[in-house]
Structure formats: C-alpha cells, structure tokens
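Architecture at a glance
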Amino acid sequence: MNIKKVMVIGAGQMGSGIAQVCAQAGYSVILNDLKEEFLERGMGVITKNLSRSVEKGRMTEDEKNAAISNLTKSTDLQDAENVDIVIEAAVENMEIKTKIFAQLDEIAPAHAILASNTSSLPITEIAAATKRQEQVIGMHFMNPVPVMKLVEIIRGLATTDEVYQAIEDMTKSLKKVPVEVNDFPGFVSNRILMPMINEAIYTLYEGVATVEAIDEVMKLGMNHPMGPLTLADFIGLDTCLYIMETLHEGFGDDKYRPCPLLRKYVKAGWIGKKSGRGFYSYS
C-alpha cells in the first residue's frame, strides 16, 4: 500500500504537529479544519516551528520551504476524495469522531486508510461508523508531535495486517517509533499516565502536600522531566477529566474515578495553560 497523499483533520496543537511531520517527510498534506482562522493559526505554528529548526541548524531554509510547499489548507471534507490516508485529530469526543468517520467513509477513495489520533477512545467503536472497518486504525502521536518519538498504533477488531503494516511503515518514514497496542480504553500511555496524574490531584485534594511539593517529589525523586500537575496543566484539565471518565466507564472500576478537585477546576474553567490558569497561574 503506497501512501503519498495525506489529509489531517484538525489544525490544533496535535493536528498541526502531525501535518508538519508529514510535510517534512515529503508527503503531500491537506490540513483541514472548520474555519479559516483555525487553519491560519495552525499554519502559523508550523512555520514558527520550522523557522526555529532552521535557526538551530537542524534543517536548511530550502528544506523548510519544501515542507511548507507540501501543505495545503482546506475547510471542506470533500477534499478527502483523492487522499491515501486521513489522520483525524479532532476533539476527543466519540460523537464528533464517529460523525467525521461516517462522512469520510462516503468521501475518501475505497483504498484510503482512516486513522484516528484519539488518546483514549476505542478504535473498534470509531470503525463501526464506517463500511471499511478493516481499514480503520489508531495512530496516537505524543505531544509535542515534532519532538516526541512515540506513535501508539492501535488495531481495531477488524483492522487487517496489511493496513497495520502500511501505518507502521509510514510511522517510520516520519522518523517516529511505532509501538503496537491493543484496543483497550486509554491504550498503554494514558492508562498508566492519567491515573498517576489523577492520584497527584487526590494528593493535593487531601492536603498531603502543595502543588509545588508534589511536582518536586516526582521530578527529583522519580526523575520525571515535568511534575504531574504541571503536565496536567499542559495537557489540559478538561482533556485529563475526559480521559479519566473514558477509563472509568470503559473498565467499570472505581480506581479510575476522577478526583472531585479535577471536576471542580474544569467547572471553574481553570483548565490549564490554554486558559491561563490550572494548578498554576500562567498570566
């Protein structure tokens, strides 16, 4: 299966990062989002990232220009009619994702693979919205995409070996490391990471230690590059809550119950760096 033309849906932090690494690897990339302003913002981030790489001597000006020339903006899903793969990086919500996949199933050519960058939702359920379940797969990139090496590749119940192999090969072409994971809530990364973050929030909630102390213990004692509460702010507390709810519902086990303090912060709109306030203030 020869992948040359890619559509990435969602020009946010994850989508723009995925589009960037695909464009750098020489793929022809259509970056799609609902509004032109979202695309402009995403393209601005990509250009800034590439310019920084030129300044640091990691790439030449010609390589930067070549990557940018591989990118096209789109606000119409119909533009998926000639692509070999669509990588969906929309909001982490099953209803939204299944709606997008049902539309893509009608538009994309018969050979096209439909991949989701979901961080926790079941690929089998997303695939069920299509008539090509064997061609649906999870391709979970890590944030920030241009820097982080891992891509979790998640097979749905029906995903074929041929489709899996095509995605593994593509991942390697992006200079990423593919790791095969089975279709369970949260996969590996978030099944382990999110309960740790949730437990850190419980530790704060129960008055065991301050925000700063909890982060220092994990950085200096466990050699984590970033404390769990700082990391939660960077991920977005709304995203953390959604993933914990997905784990809680998916496994039916109270060990995944989201901390009441996490719920309270999300209800207050204190969702981390993107809102200017979470466990830390970013004003």
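Residues numbered from 1 in each chain as written. Predicted model: local features only at pLDDT ≥ 70, side-chain atom pairs only at ≥ 80, totals over all residues. Heavy atoms only, no water.

**With respect to the nonpolar core**
Counting 37 residues, the largest nonpolar core has V6, C22, I85, I87, F141 and M170 as its most contacted members. Per element, the largest residue contribution to this core is six residues, and it comes from helix 1 (residues 13-24). Not counting residues up to four positions away in its chain, the partners in contact with I85 are I3, K5, V6, M7, I113, A115, I167 and M170. (Core = buried A, V, L, I, M, F, W, Y, C linked by side-chain atoms within 4.5 Å. Buried < 20%, exposed > 50% of the residue type's maximum accessible area, 1.4 Å probe, protein only. Helix = DSSP H or I, 4+ residues; strand = E, 2+ residues; numbered from the N terminus. Contact = heavy atoms within 4.5 Å.)

**What about the packing of helix 7 (residues 189-205) against helix 9 (residues 228-235)?**
In contact at an axis separation of 9 Å, helix 7 and helix 9 are set at 115° when each is read in the N-to-C sense. Here helix 7 and helix 9 pass one another in a crossing that is left-handed. Mapping the contact onto sequence places L193, M194, M196, I197, A200 and I201 in helix 7 and P228, L229, L231, A232 and I235 in helix 9. Here the residues of the contact of helix 7 with helix 9 are counted per class, giving eleven nonpolar, no polar and no charged. (Axes fitted to C-alpha atoms, helices over the stretch in contact; angles between N-to-C directions. Left-handed = near helix turned anticlockwise from the far one by under 90°. Nonpolar A, V, L, I, M, F, W, Y, C, P; charged D, E, K, R; others polar.)

**Digging into the environment of I192**
With respect to the helices and strands, I192 occurs in helix 7. Linking I192 and A268, residues 76 residues apart in sequence, is a C-alpha distance of 26 Å.

**Some remarks on the UniProt feature "domain: 3-hydroxyacyl-CoA dehydrogenase NAD binding" (unreviewed entry) in the protein chain**
Per the UniProt record, "domain: 3-hydroxyacyl-CoA dehydrogenase NAD binding" (unreviewed entry) is found at residues 5-183. Summarising residues 5-183: 41% helix, 22% strand, and an end-to-end C-alpha distance of 26 Å. (UniProt positions renumbered as here; feature names shortened; annotations may be inferred.)

**So, the side chain of T98**
The topology assignment puts T98 in helix 4 (residues 94-107). There is a polar contact of 2.9 Å between the side chain of T98 and the backbone oxygen of M94. (Polar contact = N/O pair within 3.5 Å; in protein donor to acceptor, adjacent residues only side chain to side chain.)

**Observations regarding the sheet that holds strand 1 (residues 5-9)**
Read from one edge of the open sheet, eight strands run 3-2-1-4-5-6-7-8, paired in mixed fashion. Bordering the open sheet on either side are strand 3 (71-74) and strand 8 (177-181), each of which pairs with just one other strand. Across the sheet, the axes of successive neighbouring strands diverge by a mean angle of 25°, strand direction being ignored. Taken together, the three bridges between strand 5 (residues 113-116) and strand 6 (residues 136-141) define a ladder with parallel strand orientation. When the sheet's bridge partners are listed, A115 is paired in strand 6 with I137. Set on the sheet, helix 1 makes contact with strand 1, strand 2 (28-32), strand 3, strand 4 (85-88) and strand 6; between it and strand 2 the angle comes to about 170°. (Pairing = 2+ DSSP bridges.)

**Regarding helix 8 (residues 211-222)**
The first and last C-alpha atoms of helix 8 sit 16 Å apart over twelve residues, in line with the 16 Å expected at 1.5 Å per residue. Inspection of helix 8 places V211, I214, D215 and M218 among the buried residues, and these make up the whole buried set. Looking down the long axis of helix 8, one finds its buried residues gathered within 95° of arc, a one-sided arrangement. Structural note: helix 8 exposes L220 and G221 on the side pointing more than 90 degrees away from its buried face. In the stretch just after helix 8, N223 is the one whose phi turns positive, near 60°. (Expected span 1.5 Å × (residues − 1). Arc of directions from axis to C-beta.)

**Description of the packing of aromatic side chains**
Taken as a whole, this structure holds four aromatic pairs when the rule is applied. Feature note: the residues Y265, W270 and F279 constitute an aromatic cluster, connected by ring pairs. Over the ring of W270 we find R277, and its NZ or CZ is 3.6 Å from the ring centre. (Phe/Tyr/Trp six-rings, centres within 6.5 Å; stacked < 30°, edge-to-face > 60°. Lys NZ or Arg CZ within 6 Å of the ring centre and 35° of its normal.)

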